Every structure is written in structure tokens, then in C-alpha cells.
Amino acid sequence: MNFLSELLLFLRVRKKYWLLPLIALLLFFGAIILFASGTVVAPFIYTLF
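Read on for an overview of the structure.

1. What about a nonpolar patch on the surface?
Reasoning step 1: A surface patch of nonpolar side chains, about 420 Å² in accessible area, is lined by M1, F3 and L4.
Reasoning step 2: Inspection of the secondary structure puts M1 in the segment before α1 (2-14).
Reasoning step 3: Its relative accessible area of 83% is what places M1 among the exposed residues.

Written as C-alpha cells, this is what we have:
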């Protein structure tokens, strides 16, 4: 949790708010890959990439 608080503080101080959608998108794709790695949904997810 310390990493997240430091990241948000960095974004606020440096006024890099445009990075938030990029970080959210990367986390979303990571969650999809992690979720689909061992399930039946995996063949359908891999066709997206």
C-alpha cells in the first residue's frame, strides 16, 4: 500500500494526471490475463490479443 500512496502523491505533485488512465488500463489488462490464465475463458481472451 505504501507504493500506491507514493504513486498517487507523485502524480499529484508533478501534475501527471494523464498517467492515471494508462495505469488503470495496464492494471485492467493484467487482471484479465491473470484471471483467464487457468480458466475455460482463456481461448476467448487470447483471440483479443
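2. Regarding the packing of aromatic side chains
Reasoning step 1: This structure, assessed with the given rule, holds one aromatic pair.
Reasoning step 2: With 5.9 Å between their ring centres and 50° between their planes, F28 and F29 make a pair best called tilted.

3. What about the packing of α1 against helix α2 (residues 19-36)?
Reasoning step 1: Close contact between α1 and α2 brings their axes to 11 Å; oriented N to C, the two are set at 150°. Between α1 and α2, the angle is such that the two are roughly antiparallel. Counting all contacts with α1, which are made through L7, L8 and L11, the residues of α2 involved are L19, L20 and I23.
Reasoning step 2: Its residues placed into classes, the contact of α1 with α2 shows six nonpolar, no polar and no charged.

Conventions we followed
- Counting starts from 1 at the beginning of each chain's written sequence and moves along it residue by residue.
- Side-chain atom pairs in this predicted model are given and counted only at pLDDT of 80 or more, local residue features only at pLDDT of at least 70, and totals for whole chains, interfaces and linings cover all residues.
- Note: side-chain values were computed over all heavy atoms of the structure, leaving out hydrogens and water.
- Every patch collects residues that have over 30% relative accessible area and no salt bridge, joining them within 9 Å if they carry like charges and within 5 Å if they are nonpolar side chains (Val, Leu, Ile, Met, Phe, Trp, Tyr).
- Note that accessible areas follow from Shrake-Rupley with a 1.4 Å probe, and for residues the cover is restricted to the protein chains shown.
- Put simply, a salt bridge is a Lys or Arg side-chain nitrogen that is within 4 Å of an Asp or Glu carboxyl oxygen.
- A run of H or I in DSSP counts as a helix once it spans at least four residues, and a run of E counts as a strand once it spans at least two, with each numbered from the N terminus.
- In this scheme, a residue with accessible area under 20% of its type's maximum is buried, one over 50% is exposed, and one in between is partly exposed, where area comes from a 1.4 Å probe on protein chains only.
- Any pair of Phe, Tyr and Trp rings, taking the six-membered ring for Trp, is counted once the centres come within 6.5 Å. Such a pair is stacked with planes under 30 degrees apart, edge-to-face with planes over 60 apart, and tilted for the rest.
- Axis definition: a line fitted to C-alpha atoms, limited for helices to the stretch in contact. Angles are taken between N-to-C directions and run from 0 to 180 degrees.
- Put simply, angles under 35 degrees are roughly parallel, angles over 145 are roughly antiparallel, angles from 65 to 115 are roughly perpendicular, and the rest are oblique.
- Any two residues having at least one pair of non-hydrogen atoms within 4.5 Å are treated as being in contact.
- Residue polarity follows a fixed list, in which Ala, Val, Leu, Ile, Met, Phe, Trp, Tyr, Cys and Pro are nonpolar, Asp, Glu, Lys and Arg are charged, and the others, Gly among them, are polar.

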